[in-house]
Amino acid sequence: MTIRETRLASGLRVVTDPMATVESASLGVWVDAGTRHEPACINGISHLLEHMAFKGTERRSARAIAEEMDAVGGHLNAYTARDHTAYYAKVLKEDTGLALDIVADILQHSVMDAEELAREQAVVVQEINQAFDTPDDIIFDHFQAVAFPDQPLGRPVLGTEDLVRSMSRETVQDYLRRHYAGSRMVLAAAGRIDHDQLVEAADKAFQALPPTVDGTVEAARYRGGDYREERDIEQVNLVVGFDGVSHTDPDYYPLSVLSILLGGGMSSRLFQEIREKRGLVYSIYSFASSYADGGLFGIYAGTGEDEAPELVPVLCDEVVKITQGVSSDELQRARAQLKASILMSLESTSARCEQVARQILVYGRPIPTDEVVEKVEAVDNADIIRVARRLFSTVPTIAAIGPLAKLEGYDRMAERLRL
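Residues numbered from 1 in each chain as written. Predicted model: local features only at pLDDT ≥ 70, side-chain atom pairs only at ≥ 80, totals over all residues. Heavy atoms only, no water.

Colleague: Help me get a handle on the overall build of the protein chain, residues and values and all.
Modeller: Helix and strand content of the protein chain: 16 helices and 11 strands. For the protein chain, the proportion of its 419 residues judged to be buried stands at 54%. Considering only contacts within the protein chain whose residues lie at least 6 apart along the sequence, 82% involve residues at least 24 apart. Entry remark: accessible area of the protein chain is about 18,000 Å², with carbon and sulfur atoms responsible for 49%. (Helix = DSSP H or I, 4+ residues; strand = E, 2+ residues; numbered from the N terminus. Buried < 20%, exposed > 50% of the residue type's maximum accessible area, 1.4 Å probe, protein only. Contact = heavy atoms within 4.5 Å. Areas by Shrake-Rupley, 256 points an atom, 1.4 Å probe, with all protein chains shown as cover.)

This is how it looks when you write it as structure tokens:
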């Protein structure tokens, strides 16, 4: 069975990934609108809108939405990212029509009740406060802000308390009308799905989408720099990062393999040298984030105040050393890890649904699994050396929260990382 795609007259793309051996289906709408589409004066509105979509429509109250999904044992949720927003459900195969109807309803007919808005603004403020109280969470917002300062890509997904509380019903509705057009949406489904039936149902369900809107965004401009926040807590939360690559960059897959080699598993260099050999951290890992026009690569470490002076030189040494290449055994393990994660995700309807939706948004087409695996297996030592030197020759971004008296200054850390 193969992935199929159909574009409706509204511009909405419907894509299905059928799985004949399961009894469930996952479906959702991925919208090409997120934090980086927001003006500074309404930062956080994509996330607030995501919350408000569940707070009642012309046909359903907020409680009815929850009860209808619970009545069939289904799961309904959403999330906001910097470059997109997703609304998705997982149900038994016979309840696919209900899931589609609810998702279409909340995206087109939400009433945005003023009282519900006030309550949900208070909920989002609690979410903002919770993130602030979680240093190993909020550190990544500061890291993003330093890497991409004074631009939408660097602003927090949640926004700020003052901005969230200032948003009116009309402001939220206007943002919805200006960004949630069919041409910027993908309806994706995976599992026991019939493509033609879903297309027919979607054509009827999505009759109230607004006309095409402008989806241009401000280009990503990586700058790098330093953020430090002294807090009276037990751990130093540290993120060290560099300019990354876009989804379509030829180095996308080499960077994915590099991230695993450096800090992507228990056999990775950072885990073995810093946690297993020296016991300097409980948590250390690397990550790569990509966008349409850029990206970030970073390393997170949580360590004690007294361990920080030893941690930083070792971490920087490992970053510099990997630019000299890796052994064939290391490379094979990293490729196998990435390949396994890709293939194992194919067993989940939710993962496959999200994967194909993201591929349509990013690449404009579904990417065959064989094509992805081939690119992973083609990564060689020369690729690792090239992408490592490319990334680690850029200006570093450093963010730290915690007891920082013994943490090296930015200039000294940047000097250690200089190739």
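Colleague: Go over the pattern of salt bridges with me, naming the residues and quoting the values.
Modeller: Under the defined criterion, the tally for this structure stands at 38 salt bridges. Two residues, E229 and R231, come together in a salt bridge whose shortest N-O distance is 2.6 Å. The exposure class of E229 is buried, given its relative accessible area of 15%. Its relative accessible area of 13% is what places R231 among the buried residues. One connected set of salt bridges, linked through shared partners, spans R59, R60, E68, D101 and D105. (Salt bridge = Lys/Arg side-chain N within 4 Å of Asp/Glu carboxyl O.)

Colleague: So what about unusual backbone geometry? Which residues, and what values?
Modeller: Here M112, not a glycine, exhibits a phi torsion of approximately 55°, which is positive. Within the element layout of this structure, M112 appears in the loop between α3 (96-108) and α4 (114-132). Residue M112 is classed as buried on the basis of its relative accessible area, which comes to 3%. The phi dihedral of D150 falls on the positive side, at around 55°, and the residue is not glycine. Structurally, D150 can be placed in the loop between α5 (135-147) and α6 (161-166). Residue classification places D150 among the exposed positions, given a relative accessible area of 66%.

Colleague: Please set out the packing of helix α9 (residues 252-263) against helix α12 (residues 328-344) residue by residue, giving values where relevant.
Modeller: Here α9 crosses α12 at 110°, and the two axes come no closer than 9 Å. As far as their axial angle goes, α12 and α9 are roughly perpendicular. As α9 runs across α12, the sense of the crossing is right-handed. Residues S256, V257, I260 and L261 of α9 lie in contact with α12, whose contacting residues are E330, L331, A334, R335, Q337 and L338. (Axes fitted to C-alpha atoms, helices over the stretch in contact; angles between N-to-C directions. Parallel < 35°, antiparallel > 145°, perpendicular 65-115°, else oblique. Left-handed = near helix turned anticlockwise from the far one by under 90°.)

Colleague: Explain empty space enclosed by the protein to me, using residue names and the numbers behind them.
Modeller: One pass over the full model with this rule turns up one cavity of 30 Å³ or more. In this structure, the largest cavity spans a volume of roughly 60 Å³. Taken together, I260, L261, S267, S268, E330, R333, A334 and Q337 form the lining of the largest cavity. If you list the elements that add at least two residues to the lining of the largest cavity, you get α9 and α12. Considering every element that reaches the lining of the largest cavity, the biggest residue donor is α12, with four residues. Across the lining of the largest cavity, the residue classes tally to three nonpolar, three polar and two charged. (1 Å grid on protein atoms, 1.4 Å probe; cavity = no way out; pocket = protein on both sides within 12 Å on 5 of 7 lines; lining within 4 Å. Points joined across faces, edges and corners; volume = space filled by probe spheres on them. Nonpolar A, V, L, I, M, F, W, Y, C, P; charged D, E, K, R; others polar.)

Colleague: Give me the layout of surface pockets: which residues, what numbers.
Modeller: Considering only enclosed or pocket space, the largest pocket measures out at about 790 Å³ in volume. Lining of the largest pocket is provided by 30 residues; of these, R82, Q144, F287, S289 and Y291 occupy positions nearest its centre. When grouped by side-chain class, the residues that make up the lining of the largest pocket number 15 nonpolar, 10 polar and five charged. Each pocket or cavity is described by its volume, and for the second largest pocket that value is around 610 Å³. Along the walls of the second largest pocket sit 21 residues, with Y252, I342, Q355, R358 and Q359 positioned nearest its centre. For the lining of the second largest pocket, the elements supplying multiple residues, two or more each, are α9, α12, α13 (349-363) and α14 (369-377). A per-element tally of the lining of the second largest pocket places α13 first, with eight residues. Grouping the constituent residues of the lining of the second largest pocket by class yields 11 nonpolar, seven polar and three charged.

Colleague: Tell me about the nonpolar core, residues and numbers included.
Modeller: Of all hydrophobic cores here, the largest spans 64 residues; its most connected members are Y87, Y180, L187 and F206. The biggest single contributor to this core is α3, with seven residues. Among the nonpolar cores identified, the runner-up in size contains 50 residues, and L261, V281, I384 and I398 belong to it. (Core = buried A, V, L, I, M, F, W, Y, C linked by side-chain atoms within 4.5 Å.)

Colleague: How would you explain the packing of aromatic side chains if you had to name every residue and give the values?
Modeller: Enumeration according to the criterion identifies 12 aromatic pairs in this entry. Ring centres of F143 and F287 lie 6.0 Å apart, and the angle between their planes is 80°; on these two criteria the pair is classed as edge-to-face. Taken together, the residues span a long stretch of sequence, with F143 in helix α5 and F287 in strand β9 (residues 281-291) at a distance of 144 residues. Summarising the burial analysis for this pair, F143 and F287 share the class buried. With 6.0 Å between their ring centres and 80° between their planes, F148 and Y222 make a pair best called edge-to-face. Highlighted residues: F148 in the loop between α5 and α6 and Y222 in the loop between α8 (195-205) and β7 (225-230), separated in sequence by 74 residues. The residues F148 and Y222 share a single accessibility class, namely buried. (Phe/Tyr/Trp six-rings, centres within 6.5 Å; stacked < 30°, edge-to-face > 60°.)

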